[in-house]
Amino acid sequence: MTQKAVVLDGQAIRRALTRIAHEIIEKNKGVDNCVLVGIRTRGIYIARRLAERITQIEGLDIPVGELDITLYRDDLTIKTTDRQPLVKGSDIPVNIADKKVILVDDVLFTGRTVRAAMDALVDIGRPAAIQLAVLVDRGHRELPIRADYVGKNIPTSSSEKIVVELVESDNIDQVSIHEKK
């Protein structure tokens, strides 16, 4: 894969997350009864950043959890034919029953990851509502899933890949498009 273009730099990512934080607060009329749950791995970092922004804006802390969807994936047998899947576990610090859960991920593509995350959440508890926040929506949905909060819509072709890099895991903040060779 070769990098075709950088579509979001660090500053653009910060602006997008600040906007999403404001939208979450506005849509939910504050953040009472809300929980942010990041989908492993980069969704967790984005959820933490959103929580920081919300705290700066509202002066209130919002709980942040981590969700591991490994065992809920519908492609588990395809991806792990000769080895066991690495399950890191979920960590949600509050009971999600009757709470508004905002699932957070880096890229929304086919919708299969989000479907798996919703299945995992419902096994943990019964939220009052599930909302979806993503940094990038690249299209190409295979399931009828739509994000409530989107940092940037980036239409892509099937030969392209969106690569999200975050300081917490990659030592740089940027989103780029890569072309499959």
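Residues numbered from 1 in each chain as written. Predicted model: local features only at pLDDT ≥ 70, side-chain atom pairs only at ≥ 80, totals over all residues. Heavy atoms only, no water.

## Some remarks on the packing of aromatic side chains
Which entries qualify depends on this criterion: Pairing of aromatic side chains requires ring centres within 6.5 Å, counting the rings of Phe and Tyr and the six-membered ring of Trp. Pairs whose planes differ by under 30 degrees are stacked, by over 60 edge-to-face, and all others tilted. In this scheme, the term charge over a ring applies when either NZ of a lysine or CZ of an arginine sits within 6 Å of the ring centre and within 35 degrees of the ring normal.
Scanning all chains against the criterion turns up 0 aromatic pairs. Lying over the aromatic face of Phe 109, Arg 138 brings its terminal NZ or CZ to 3.9 Å of the ring centre.

## A short note on the sheet that holds strand 7 (residues 160–165)
Inclusion rule: By this definition, two strands are paired if DSSP reports at least two bridges between them. Here a helix means four or more residues in a row that DSSP labels H or I, a strand means two or more in a row labelled E, and each is numbered from the N terminus. Axis lines are fitted to C-alpha atoms, over the contacting stretch for helices. Their N-to-C directions set the angle, which ranges from 0 to 180 degrees.
Pairing is antiparallel in the open sheet, where 3 strands are placed in the order 1-8-7. Strand pairing shows two members of the sheet lacking a second neighbour, strand 1 (2–8) and strand 7, which therefore form its edges. Ignoring strand direction, the axes of neighbouring strands in this sheet form an average angle of 30°. In terms of strand pairing, strand 7 meets strand 8 (residues 174–179) through 6 bridges, oriented antiparallel. Of the residues in strand 8, the one forming a bridge with Glu 165 is Gln 174.

## Observations regarding the side chain of Glu 160
Rules: Think of it in three bands: with a 1.4 Å probe and only protein chains considered, a residue is buried below 20% of the maximum accessible area for its type, exposed above 50%, and partly exposed in between. Side-chain atoms alone can form a polar contact between residues adjacent in sequence; in general such a contact is a pair of N or O atoms within 3.5 Å, and within protein one must be able to donate a hydrogen while the other accepts it. In what follows, a contact means two residues having at least one pair of non-hydrogen atoms within 4.5 Å.
Here Glu 160 lies in strand 7. Note on Glu 160: relative accessible area 8%, which makes it buried. A distance of 2.9 Å separates the side chain of Glu 160 from the backbone nitrogen of Ser 157, its partner in a polar contact. Contact partners of Glu 160, with chain neighbours within four places excluded, come to Lys 4, Arg 138, Pro 155, Ile 177, His 178, Glu 179 and Lys 180.

## Quick look at the nonpolar core
The cut-off we apply is this: As used in this record, nonpolar core signifies buried Ala, Val, Leu, Ile, Met, Phe, Trp, Tyr and Cys residues forming a set joined through side-chain atoms within 4.5 Å.
In this structure, Leu 36, Leu 50, Leu 135 and Val 175 are the most contacted members of the largest nonpolar core, which totals 32 residues. Secondary structure elements with two or more residues in this core: helix 1 (10–27), strand 2 (34–39), helix 2 (42–58), strand 4 (100–108), strand 5 (129–137), strand 7 and strand 8. For this core, the element with the highest residue contribution is helix 1, accounting for 8 residues. Filtering out sequence-adjacent residues up to four positions away, Leu 36 remains in contact with Ile 24, Ala 47, Leu 50, Ala 51, Ile 54, Ile 62, Pro 63, Val 64, Gly 65, Ile 102 and Val 104. In this structure, Leu 67, Ile 69, Val 134 and Ala 147 belong to the second largest nonpolar core, which totals 20 residues.

## Looking at unusual backbone geometry
In the segment running from Arg 40 into Thr 41, the intervening peptide bond is cis, with an omega of 5°. Checked against the element boundaries, Thr 41 lands in the loop between strand 2 and helix 2. One non-glycine residue, Lys 29, lies in the positive phi region at around 50°. With respect to the helices and strands, Lys 29 occurs in the loop between helix 1 and strand 2.

## Digging into the UniProt feature "short sequence motif: PRPP-binding" (unreviewed entry) in the protein
Test applied: UniProt positions are given in the numbering used here, feature names are shortened, and annotations may be inferred rather than shown by experiment.
UniProt tags residues 101–113 as "short sequence motif: PRPP-binding" (unreviewed entry). Along residues 101–113, the helical share is 15% and the strand share 62%, with 16 Å between the first and last C-alpha atoms.

## A short note on the sheet that holds strand 4
If you trace the 5 strands from one edge of the open sheet to the other, you get 3-2-4-5-6, paired in parallel fashion. Unpaired on one side and paired on the other, strand 3 (64–67) and strand 6 (149–153) mark the two borders of the sheet. The mean angle between the axes of side-by-side strands here comes to 25°, regardless of whether they run parallel or antiparallel. Sheet analysis places strand 2 next to strand 4, joined by 5 bridges and oriented parallel. Residue pairing across strands places Cys 34 opposite Lys 100, the latter belonging to strand 4. Together, strand 2, strand 3, strand 4 and strand 5 form the strand contacts of helix 4 (residues 112–124), whose direction differs from that of strand 4 by roughly 155°.

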